[in-house]
Amino acid sequence: MSSSPFARVEQAPPDPILSLADLFRQETNPKKVNLGVGIYLNDQGVNPVLKAVKQAEKLLLEQETTKNYLGMDGDPDYGRLTQHLLFGADHPVVKDKRAATLHTPGGTGALRAGGDFLRGVLGVKTLWVSDPTWPNHKGVFNAAGLDVKTYPYYDAAANQIKFSEMTAALAKIPAGDAVLFHACCHNPTGIDPTTAQWKDMVALAAKGGWIPFIDFAYQGFGGEPEADAESVRLFAGAGVGFLVANSYSKNFGLYRERTGALTLVAADAAEAGRVMSQAKLTVRANWSNPPAHGGLAVKTILMDAALTQLWREELTAMRERIWSMRKLFVKTLKDKGVQRDFSFLEKQAGMFSFSGISKDQVLALRAKYGIYMVENGRINVAGMTTGNMDYLCSAVADVLKG
């Protein structure tokens with residue numbers, strides 16, 4: 001070609017998390033360890049397909065009669081069952097039909113659909129996120145036309161929430177803005193508010209007139225699914241209108257199937273119907289119809305008592321493996337003579353934690369030992385196994401000595 005319309009396109013900066021996967025694939029160290037990208041791995045270092053999913057997929061293959069489009073909002077049973085997981089089947093939000101649920105391409109798709117709704121339908125201009133938060137939040141919401149600002153959240157020195165600073169900031173947020181919360185297993189810190197703290201934040205939302213938007217990516221990874229839904233149910237019980245973006249990537253292991261949902265909670269059924277009509281228009285101009293396979297697998301599991309029980313057992317096993325790796329990491333570091341106190345990792349929830357390891361130390365672990373983590377020191381605890389723990393902790397101990 002003598003000329004190209006793309007000649008002046010500049011190279012984009014690498015994604016701080018996903019680019020690690022490329023670097024890890026190129027790493028030649030046979031003992032390499034990936035603590036970067038946020039996927040669940042079993043003790044063999046493999047992302048498994050759940051048995052419940054396998055059985056559901058077998059049923060789908062046998063019973064499927066069409067590849068026709070789903071509706072813009074997806075399968076109605078999928079939406080109903082999603083609401084049951086979020087709120088409980090007998091919650092007034094569900095029984096009074098105050099919730100509208102869209103089937104979306106993953107949790108990220110749910111966040112983007114929520115951002116489009118906030119900006120395009122409600123006219124929201126600013127969305128507030130915790131400092132720190134999942135790096136892609138800013139990109140998703142900026143792309144939806146929202147200005148993204150931060151509120152205080154994490155005290156690195158004390159390894160706890162800056163709750164007084166956070167609530168003081170939330171109290172000043174203007175009515176009509178939106179505020180993003182992590183329902184549980186906060187990414188990247190692993191530190192969640194207490195029940196009392198959530199109640200305080202619900203009260204601030206009711207008083208302040210801003211719109212809560214809850215990112216719920218890890219239901220069942222902190223505790224039982226019902227316990228992890230506490231924040232969602234507290235907002236629902238307060239009669240506050242809000243949005244929830246949830247993902248089935250982690251708790252059903254459906255990463256590549258892109259299975260999520262956006263649920264909008266309204267004042268009554270009539271309002272929920274109007275909300276859904278507008279939400280579907282935002283979807284029509286984006287992906288139009290959601291992918292079916294992952295959502296139908298979730299639906300099949302949740303509509304079958306035996307498969308639901310199997311799924312819960314597998315979810316419990318994943319959660320308990322993560323907890324055991326936290327404990328083993330702390331113990332092994334101590335056994336290696338590391339003087340720094342890492343016991344705070346045992347108090348956190350979910351796959352992620354801020355390790356307190358500096359950027360220079362992160363890069364040293366990568367260069368010397370083929371151990372990969374995000375440069376801010378965030379680690380995916382699920383990347384640890386009984387097989388790589390001794391090598392990992394020996395490496396950390398060596399780097400911490402300087």
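Refer to the structure printed above.
Each residue is numbered by its place in its chain's sequence as written, counting from 1. Local features are withheld for residues below a pLDDT of 70 in this predicted model, meaning they are given only at 70 or higher, and side-chain atom pairs are given and counted only at 80 or more; totals for whole chains, interfaces and linings count all residues. Hydrogens and water molecules were not included; the side-chain quantities draw on all heavy atoms of the structure.

### Observations regarding the overall build of the chain
Next up, step 1: The secondary structure listing takes helices from DSSP runs of H or I that are at least 4 residues long and strands from runs of E that are at least 2 residues long, numbered from the N terminus. Along the chain, the regular secondary structure elements total 15 helices and 13 strands.
Next up, step 2: Whereas a compact globule of 402 residues would reach a radius of gyration of roughly 21 Å, the chain reaches 22 Å, a difference of no more than 12%.
Next up, step 3: A buried classification covers 54% of the 402 residues belonging to the chain.
Next up, step 4: In the form shown here, the chain has an accessible surface area of approximately 18,200 Å², with 53% of it arising from carbon and sulfur atoms.
Next up, step 5: Under this rule, positive means Lys or Arg and negative means Asp or Glu; His and the chain ends count for nothing. Charge coordinates come from a single atom per side chain, which is NZ of Lys, CZ of Arg, CG of Asp or CD of Glu. Of note, the chain has its 44 positive side-chain charges centred 3 Å away from the centre of its 40 negative side-chain charges. We compute the radius of gyration over the C-alpha atoms and compare it with the globule rule, which gives 2.2 Å times the number of residues raised to the power 0.38. A simple rule labels every residue: compare its accessible area, found with a 1.4 Å probe on the protein chains alone, to the largest value its type can have, and call it buried under 20%, exposed over 50%, or partly exposed in between. All accessibility values rest on the Shrake-Rupley procedure with a 1.4 Å probe; residue burial counts only the protein chains present in the view.

### A word on the sheet that holds strand 10 (residues 259-265)
Next up, step 1: Ordered by their spatial adjacency, seven strands build an open sheet running 2-10-9-8-7-3-4, and the pairing between neighbours is mixed. Two strands bound the open sheet, and with one partner strand each, they are strand 2 (99-105) and strand 4 (147-152). Neighbour-to-neighbour, the strand axes of the sheet open up by a mean angle of 25 degrees, direction not taken into account.
Next up, step 2: Where strand 8 (residues 211-216) lies against strand 9 (residues 242-247), four bridges are found, and the strand directions are parallel. Bridged to Ile214 within strand 9 is Val244.
Next up, step 3: Strands in contact with helix 11 (residues 269-284) are strand 2 and strand 10; relative to strand 2, the strand with the most contacts, it is inclined by about 15 degrees. Two strands are counted as paired when DSSP detects at least two bridges linking them. Every axis in this analysis is a line fitted to C-alpha atoms, fitted for helices over the stretch in contact. Angles between the N-to-C directions lie between 0 and 180 degrees. Note on contacts: a residue pair qualifies if any of its non-hydrogen atoms lie within 4.5 Å across the two residues.

### Describing the state of the cysteines
Next up, step 1: We call a pair of cysteine sulfur atoms a disulfide whenever their separation is within 2.5 Å. In total, this model carries zero disulfides according to the counting rule given.
Next up, step 2: Of all cysteine sulfurs, the one in Cys185 lies closest to Cys184, which takes part in no disulfide; the gap is 3.9 Å.
Next up, step 3: Assessed through its relative accessible area of 2%, Cys185 is described here as buried.

### Remarks on the nonpolar core
Next up, step 1: Each nonpolar core is a collection of buried residues, namely Ala, Val, Leu, Ile, Met, Phe, Trp, Tyr and Cys, held together in the definition by side-chain atoms within 4.5 Å. Ranked by internal contacts, the top residues of the largest apolar core, which has 92 residues, are Phe87, Leu170 and Ile371.
Next up, step 2: Top element by residues in this core is helix 13 (residues 305-335). It accounts for ten residues.
Next up, step 3: Leave out the neighbours within four places in its chain, and Phe87 touches Val93, Val94, Ala99, Val232, Arg233, Ala236, Phe242, Thr263 and Val265.
Next up, step 4: Leu111, Val148, Ile211 and Met276 belong to the second largest nonpolar core, which has 27 residues in total.

### Description of the pairing of strand 7 (residues 178-182)
Next up, step 1: Across the five residues that make up strand 7, a large majority, five, are buried.
Next up, step 2: Side chains Ala178, Leu180 and His182 of strand 7 all project onto a buried face; the interleaved residues Val179 and Phe181 project onto the opposite face, where all are buried too.
Next up, step 3: Note that strand 3 (residues 126-131) and strand 7 share two bridges and pair parallel. Looking at the pairing, Trp128 lines up with Val179 of strand 7.
Next up, step 4: Note that strand 7 and strand 8 share five bridges and pair parallel. For Leu180, the partnering residue across the bridge sits in strand 8 and is Phe213.
Next up, step 5: When the strands point away from the viewer, a crossover counts as right-handed if the path from the first strand over the helix to the second runs clockwise. For the segment spanning strand 7, helix 8 (residues 195-208) and strand 8, crossover handedness is right-handed.

### Overview of unusual backbone geometry
Next up, step 1: That bond from Asp131 to Pro132 is cis: its omega, 5 degrees, falls within 30 degrees of zero.
Next up, step 2: Phi is positive for Lys97, which is not a glycine, with a value near 60 degrees.
Next up, step 3: Considering the arrangement of structural elements, one finds Lys97 in the loop between helix 4 (92-95) and strand 2.
Next up, step 4: Note on Lys97: relative accessible area 59%, which makes it exposed.
Next up, step 5: Not every positive phi belongs to a glycine, and Ser288 is a case in point at roughly 70 degrees.
Next up, step 6: Relative to the assigned elements, Ser288 resides in the loop between helix 11 and helix 12 (293-302).

### Some words on the pairing of strand 4
Next up, step 1: As paired elements, strand 3 and strand 4 share six bridges and run parallel to each other. Within strand 4, the position partnered with Trp128 by the bridge is Lys149.
Next up, step 2: Of the crossover connections in this fold, the one passing from strand 3 over helix 6 (residues 136-143) to the parallel strand 4 is right-handed.

### Things to note about the layout of surface pockets
Next up, step 1: The computed volume of the largest pocket comes to approximately 580 Å³.
Next up, step 2: What lines the largest pocket is a set of 27 residues, among which Gly38, Thr108, Trp134, Tyr218 and Lys250 lie closest to the centre.
Next up, step 3: Looking at the lining of the largest pocket, the elements that each hand over two or more residues are helix 5 (106-120) and helix 6.
Next up, step 4: For the lining of the largest pocket, the leading source of residues is helix 5, giving three residues.
Next up, step 5: Each residue is assigned to one class: nonpolar for Ala, Val, Leu, Ile, Met, Phe, Trp, Tyr, Cys and Pro, charged for Asp, Glu, Lys and Arg, and polar for all the others, Gly among them. A class-by-class count of the residues in the lining of the largest pocket yields 13 nonpolar, nine polar and five charged.
Next up, step 6: Residues are called lining when one of their atoms sits within 4 Å of a cavity or pocket point, these points coming from a 1 Å grid over the protein atoms alone, where a cavity is a set in which a 1.4 Å probe fits but cannot get out and a pocket is an open set with protein on both sides within 12 Å along at least five of seven lines. Grid points are joined across faces, edges and corners, and a volume is the space filled by probe spheres set on the points. Here the second largest pocket is characterised by a volume of approximately 410 Å³.
Next up, step 7: As for the second largest pocket, its lining consists of 15 residues, of which Leu60, Glu64, Thr66, Ala292 and Leu296 are closest to the centre.
Next up, step 8: Sorting the residues of the lining of the second largest pocket by element identifies helix 2 (51-63) and helix 12 as the ones contributing at least two each.
Next up, step 9: Here the lining of the second largest pocket gets four residues from one element, more than from any other, and that element is helix 2.
Next up, step 10: Among the residues making up the lining of the second largest pocket, the classes are represented as six nonpolar, five polar and four charged.

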